[in-house]
Amino acid sequence: MIRLNDIVDRVLSYHPEADVSLIEKAYVYSAKAHAGQVRLSGEPYLMHPLGVADILARMRLDVFSITSGLLHDTLEDTDTNLDDLTHLFGSEVSHIVDGVTKIGRFEFSSHEERQAENMRKMILAMADDIRVVLIKLADRLHNMRTLNYHGVGKQRLIARETMDIYAPLAGRLGIDWIKTELEDLAFSYLDPDVYEEIVSGLKRNEDERERYIKEVKDVIQEKLAELDLEGKVSGRPKHIYSIYKKMIAQNLDLEHIYDIIAFRIILNSIRECYEALGVIHSSWKPIPGRFKDYIGMPKANMYQSLHTTVIGPYGERVEIQIRTEEMHSIANEGIAAHWVYKEGRSFPENESKRFTWLRQLLEWQQDLKDPREFLETVRVDLFPDDVYVFTPNGDVKAFPRGSTPIDFAYSVHTEVGNQCTGAKVNGKLVPLKYELKNGDIVEIITSSKHVPSKDWLKIVKTSRARTRIRHWIKTEERERSIALGREICEREFRKHGLNFNQYLNSEEFFQVAQSFSLQKVEDLLASIGYGKISALQAIGKLTSLVEPEEKPEELVVERPERKERPSHRGGVLVKGADDILVRFAKCCNPLPGEQIAGFITRGRGVSVHRADCASLLSSGFERRIEVEWDREAEEVHPVGLAVICANVKGMLAAISGTLSNHDINILQANVRTRVDNRAECKFVVEVRDTDHLLGAMAAVRKIKNVIDVQRSSVLDIR
């Protein structure tokens, strides 16, 4: 149980002159404000603000931050108003608490829209006062620690958001211990079976691993002592999610992952770090391609260290990090290790340069209006695996791994990117799809007559390049659609005896555009060019607006009689449309409970995809439409299941019985024996939603001799 005295003692340990009376005052006020409120666990609500404040104290933040942590929920969950906080705790505290509150107070039509808008507000808050986001991270971490009191659906939703946004954000800010704990906690809810498998596997080998760690530490200490290097050596297993990523990347199970232990050497100077690296490489054989010098080229979040992997004792891989004490502090605390607010100053210029990524995010959040596009941009930028390249002038630029010369060109200037025709890397011409490597010297070749290609979107990695290319394509496609819309209108107007140019700039035609909820006549022409609106519809509305004497006598616009149809199909609602055909995309086959998006097809209505569907993400944003599940609809949906099991008697009956016990109807079944003497069973079943499907899959996995169960997008297995 966290106590106020523990928090105060921790603050005084790193800031002896701190005015802790403000923290004590905030504790008393928070206790009164939240009196009578309880959490889902049944404990007093005050334990949450205390937990947040304790995390902030561990981050070694200033008194105002910890005071704000104790008060962070008072504006949202109690009768407290902003004036009360300003009067009692000062404008700085009230400003921070107000910033935290604004991030979580809004209601939106979809989870994705809420997530995108919250991310926008966090980015703006970081630019205004980064303490707001540090408190939000502490708030999320404490909520993740107590997530077990929520239902399974809410757990998965919050865990996914934590893995997508909050953990990488902590990593971008350089706060490694929060990042790793958030990842492990989120992973435990997103894939509990694999999480428990890794935890159990680590426990089984715990004694053996501890002996190995001690042996390697002793050897390293002896080697350092031979050169009179005084350093701290430590070793520990990597965190669980990191081990899981290695298992996936190397396609191995836990028993065959050898480099799950990381050793760290902390020395007094940079010179000693490189000397220690020489000692390690002369003692054990280094593995080619596994050495990274983040001291010479620090990461964007200020991280510095030498990383190497060697073949250590007993032929096992050993990963070693070498850094100074200051680098170690930055690696764990990130931005908090450079805290300067307690002295009443803002970041000096040399520190603010380390956060150019934040300024870029600020720029993008202003440009990108589509929630899915914005979230995609943020996620890409929050997961950097950087390579460092040089400009011809010797300046260093960092890019995500897999970036191309096109990414480099757009990092220089938008026009350089738009006019990029080729590139020279290390003096040699390379194709535009060439992946940049550490140390490359890149020179861009441009032509004023060149324009971006839509195919570039398939090979660029940076958010800046993707955003600029899409902007150019949208602008270009819009101009083409306006021209096409004008051409279609001229033709249709002539058929009905009307002069299109006579009405183009008229007030009546502007009213026609507004009747379709469009702002300008150009928008109407573009929609006609896209095929979203027909010229006949525009003519019909126009003829109802013009004066009778202006109507040619021979003009008759026949409108086919339309039957009323409901605004949804298959349990899906289409925003802003009440008579439209809806069908589910075969490429991803979405289910209720999953985030979805609609795509306007040509002549076949709206195709509904999962929001993360590769086919959807590679399509044009201008033809997407917002859709959502109809919560009142009680329908079942077909979904494919692929089960791999041992080829023994009774397996099909056992699987069928388990599915039946979970109220699942089997539409199709197909079984074949593979060359490895395993059986591959394919089913098409009917489920209500993702929870229904996941529950059934978990039950099938528990059947003896079942090896693997996967969802399939194939709905015809005959």
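Bear in mind that the values here come from a model prediction, so they are computed numbers and not experimental data.

Q: Tell me about the overall build of the protein, and name the residues and values.
A: Each helix and strand in the protein was counted, giving 29 helices and 22 strands. Within the protein, the fraction of its 718 residues that count as buried is 49%. Considering only contacts within the protein whose residues lie at least 6 apart along the sequence, 66% involve residues at least 24 apart. For the protein, the accessible surface area stands at approximately 36,100 Å², while carbon and sulfur atoms represent 48% of it.

Q: An account of the pattern of salt bridges is needed here, citing residue identities and associated values.
A: Side-chain pairs of opposite charge can arise whenever the charged atoms involved come near each other. Within the structure shown, the criterion is met by 20 salt bridges. Where Asp139 meets Lys136, a salt bridge forms, and the shortest distance between an N and an O atom there is 3.8 Å. With a gap of three residues between them, Asp139 and Lys136 both fall in helix H9 (residues 131-145), about one helical turn apart. On the accessibility criterion, Lys136 (14% relative accessible area) is buried. A salt bridge links Glu492 to Lys495; the nearest nitrogen and oxygen atoms lie 3.4 Å apart. With Glu492 and Lys495 both in helix H22 (residues 463-495) and three residues apart, the pair spans about one turn of that helix. Since its relative accessible area comes to 17%, Glu492 is described here as buried. Of the residues examined, Lys495 reaches a relative accessible area of 59% and is grouped as exposed.

Q: Before we move on, can you summarise the packing of helix H11 (residues 176-190) against helix H12 (residues 192-204) with the specific residues and values?
A: In the contact formed by H11 and H12, the axes pass within 5 Å of each other and the chain directions differ by 120°. Relative to H12, H11 is oriented oblique. Counted together, Asp184, Phe187, Ser188, Tyr189 and Leu190 of H11 and Pro192, Val194, Tyr195 and Ile198 of H12 form the full contact between these two elements. Tallied by class, the residues present in the contact of H11 with H12 amount to seven nonpolar, one polar and one charged.

Q: Residues and numbers for a negative patch on the surface, please.
A: Taken together, the side chains of Asp193, Glu196, Glu197 and Asp253 make up a negatively charged region of the molecular surface. If you trace the backbone, Glu197 turns up in helix H12. Look at Glu197 and you get partly exposed, because its relative accessible area is 43%.

Q: Quick rundown of the pairing of strand S9 (residues 420-425)? Include the residues and the values.
A: Two elements, S9 and strand S11 (residues 442-446), share five bridges in a ladder whose sense is antiparallel. Its bridge partner being in S11, Lys424 is matched across the sheet by Glu443. Here three bridges tie S9 to strand S10 (residues 428-430), and the two strands are oriented antiparallel to one another. Bridging across to S10, Val425 finds its partner in Lys428. Hairpin geometry of S9 and S10 is characterised by an intervening segment of two residues between the two adjacent antiparallel strands and by a positive phi of about 55° at Asn426.

Q: Provide a residue-level description of the confidence of the model for the protein, including the pertinent values.
A: Taken over all residues, the pLDDT of the protein has a mean of 80, while the share at 70 or more is 83%. The low-confidence segment residues 339-354 (pLDDT under 50) makes 23 contacts with residues lying over four places distant or belonging to another chain.

Q: I'd like to hear about the sheet that holds strand S21 (residues 678-687), residue by residue, with values.
A: On the basis of which strands lie adjacent, the open sheet formed by four strands has the order S20-S21-S19-S22 and antiparallel pairing. Each end of this open sheet is capped by a strand with a single partner; those strands are strand S20 (665-673) and strand S22 (706-712). Geometrically, the sheet is characterised by an average inter-axis angle of 20° between neighbouring strands, direction not taken into account. Looking at chain direction, strand S19 (residues 637-646) and S21 are connected through ten bridges and run antiparallel. Along S21, the bridge assignment pairs Gly640 with Val684. Lying on the sheet, helix H29 (residues 690-701) is in contact with S19, S21 and S22; it crosses S22 at an angle near 160°.

Q: Describe the packing of aromatic side chains, with residues and values.
A: One pass over the structure, following the stated rule, counts twelve aromatic pairs. Ring geometry for Tyr29 versus Phe89: centroids 5.7 Å apart, planes at 80°, classification edge-to-face. Of the two residues, Tyr29 sits in helix H2 (residues 21-33) while Phe89 sits in helix H6 (residues 82-89), which places them 60 residues apart along the sequence. Like Phe89, Tyr29 is buried.

Q: If you had to explain the environment of Arg688 to someone new, which residues and values would you point to?
A: Its place among the elements puts Arg688 in the loop between S21 and H29. Taking the relative accessible area as the measure of exposure, Arg688 reaches 42% and is therefore partly exposed. Linking Arg688 and Asp663, residues 25 residues apart in sequence, is a C-alpha distance of 9.7 Å. Beyond its immediate chain neighbours, meaning those up to four positions away, Arg688 contacts Pro592, Glu635, Val636, His637 and Asp663.

Q: Could you give an account of the nonpolar core, with specific residues and numbers?
A: Met59, Ile66, Ile178, Ile220, Ile265, Ile320 and Ile322 are the most contacted members of the largest nonpolar core, which totals 93 residues. Leaving out residues up to four positions away in the same chain, Ile220 has contacts with Val233, Ile265, Ile280, Trp284 and Ile320. Counting 24 residues, the second-largest nonpolar core is a separate cluster that includes Ile488, Tyr503, Val521 and Leu525.

Q: Quick one: what's the story with the sheet that holds strand S14 (residues 582-584), residue by residue and with numbers?
A: Taken together, the four strands give an open sheet; going across it, the order is S14-S16-S15-S17, and neighbouring strands pair in mixed fashion. Taken across any chain shown, the strands that pair with only one partner, and hence form the sheet edges, are S14 and strand S17 (624-625). In the sheet, strand S15 (residues 596-600) pairs with strand S16 (residues 606-610) via five bridges, with the strands oriented antiparallel. Residue pairing in the sheet places Phe599 in a bridge with Ser607 of S16.

Q: Talk me through H11; I want residue IDs and the actual numbers.
A: Compared with the 21 Å implied by 1.5 Å per residue over 15 residues, the 21 Å span of H11 between its first and last C-alpha is a close match. Summarising burial for H11: eleven of the 15 residues are buried, a large majority. All of the buried residues in H11 are Trp177, Ile178, Thr180, Leu182, Glu183, Asp184, Ala186, Phe187, Ser188, Tyr189 and Leu190. Contact partners of the buried residues in H11: helix H3 (47-58), H9, helix H10 (152-172), H12, helix H14 (240-250) and helix H16 (325-333).

Q: Residue-level account of the state of the cysteines, with values.
A: A complete count under the given rule lists zero disulfides for this structure. Looking at the unpaired Cys588, the closest cysteine sulfur is the one in Cys613, lying at 3.8 Å. Cysteine Cys681 remains unbridged, with the sulfur of Cys645 as its closest cysteine sulfur at 4.0 Å. Given the relative accessible area of 2%, Cys681 is considered buried.

Q: Break down H9 for me, citing the residues and quoting the values.
A: In an α-helix, one turn spans 3.6 residues, which is why side chains three or four residues apart end up on the same side. Spanning 15 residues, H9 covers 21 Å between terminal C-alpha atoms, matching the ideal 21 Å at 1.5 Å per step. Of all the 15 residues making up H9, 13 are buried; the element is thus mostly covered by neighbouring parts of the structure.

What counts and what doesn't
- Residues numbered from 1 in each chain as written.
- Predicted model: local features only at pLDDT ≥ 70, side-chain atom pairs only at ≥ 80, totals over all residues.
- Heavy atoms only, no water.
- Helix = DSSP H or I, 4+ residues; strand = E, 2+ residues; numbered from the N terminus.
- Buried < 20%, exposed > 50% of the residue type's maximum accessible area, 1.4 Å probe, protein only.
- Contact = heavy atoms within 4.5 Å.
- Areas by Shrake-Rupley, 256 points an atom, 1.4 Å probe, with all protein chains shown as cover.
- Salt bridge = Lys/Arg side-chain N within 4 Å of Asp/Glu carboxyl O.
- Axes fitted to C-alpha atoms, helices over the stretch in contact; angles between N-to-C directions.
- Parallel < 35°, antiparallel > 145°, perpendicular 65-115°, else oblique.
- Nonpolar A, V, L, I, M, F, W, Y, C, P; charged D, E, K, R; others polar.
- Patch = residues over 30% accessible without salt bridge, like charges linked within 9 Å, V, L, I, M, F, W, Y side chains within 5 Å.
- Lys, Arg positive; Asp, Glu negative; His and termini not counted.
- Charge placed at Lys NZ, Arg CZ, Asp CG, Glu CD.
- Pairing = 2+ DSSP bridges.
- pLDDT = per-residue confidence, 0-100.
- Phe/Tyr/Trp six-rings, centres within 6.5 Å; stacked < 30°, edge-to-face > 60°.
- Core = buried A, V, L, I, M, F, W, Y, C linked by side-chain atoms within 4.5 Å.
- Expected span 1.5 Å × (residues − 1).
- Disulfide = S-S within 2.5 Å.

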